[in-house]
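Coordinates in review
Residues per chain are reported as follows:
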Amino acid sequence: MPLAPNATSARDPFLLPVCDCGGPMNLASLEPHATRSDLELKTYKCLHCGKQDVLTAKKRSPDVPR
Ligand SMILES: [Zn+2]
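**Comments concerning the overall build of the protein chain**
Assigned secondary structure in the protein chain consists of 0 helices and 3 strands. Counting helices and strands in the order they occur from the N terminus, the protein chain gives β-β-β. With 66 residues in all, the protein chain has 5% of them scored as buried. For the protein chain, the share of sequence-separated contacts (at least 6 apart) that also reach a separation of at least 24 residues comes to 25%.

**Focus on the pairing of strand E3 (residues 52-58)**
In terms of burial, E3 is largely open, as just 0 of its 7 residues are buried. As defined by bridge partners, strand E2 (residues 39-46) adjoins E3 across 7 bridges and the pair is classed as antiparallel. In the sheet register, lysine 42 faces E3, and the bridge partner there is leucine 55.

**Structural notes on the sheet that holds E3**
One open sheet holds the 3 strands; their spatial order is E1-E2-E3, and the pairing between them is antiparallel. The two strands at the open ends of the sheet, each matched to only one other strand, are strand E1 (25-32) and E3. For this sheet, the mean angle separating the axes of adjacent strands, direction not counted, is 30°.

**Points about the confidence of the model for the protein chain**
Averaged over every residue, the pLDDT of the protein chain is 81; the share at 70 or more is 68%. Mean pLDDT across the elements of the protein chain ranges from a minimum in E3, with 92, to a maximum in E2, with 95.

**A few points about the pairing of E2**
Both E1 and E2 contribute to a ladder of 7 bridges, which runs antiparallel. Within the sheet, the bridge partner assigned to methionine 25 lies in E2 and is cysteine 46. In sequence, E2 turns back onto E3 through a hairpin of 5 residues, with glycine 50 there showing a positive phi of about 85°.

**What to know about the environment of glutamate 40**
Inspection of the secondary structure puts glutamate 40 in strand E2. Overall, the presence of 17 C-beta atoms within 10 Å leaves glutamate 40 in the partly exposed class. Taking the C-alpha atoms as reference, glutamate 40 lies 6.2 Å from lysine 58; in sequence the two are 18 residues apart.

So, how was this worked out
- Residues numbered from 1 in each chain as written.
- Predicted model: local features only at pLDDT ≥ 70, side-chain atom pairs only at ≥ 80, totals over all residues.
- Helix = DSSP H or I, 4+ residues; strand = E, 2+ residues; numbered from the N terminus.
- Buried ≥ 20, exposed ≤ 12 C-beta atoms within 10 Å, placed from the backbone.
- Contact = placed C-beta atoms within 7 Å.
- Pairing = 2+ DSSP bridges.
- Axes fitted to C-alpha atoms, helices over the stretch in contact; angles between N-to-C directions.
- pLDDT = per-residue confidence, 0-100.

So this is what it looks like as structure tokens:
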């Protein structure tokens with residue numbers, strides 16, 4: 001019997017974050033970082049309790065100034 005396809009995906013770091021309440025978090029907004037042009041702020045919102053979490057992520061754009 002093959003492994004369940006979603007057995008490990010819950011811990012995949014590339015997936016959306018999970019709220020403290022255990023609910024899934026959706027990307028609510030994406031905006032540029034205030035002082036770092038190579039970073040961006042990702043605001044995630046929990047679908048269950050409405051809690052918001054802001055994560056800083058490095059941009060993937062190839063035109064990052066050095
Ligand atoms: Zn929550």
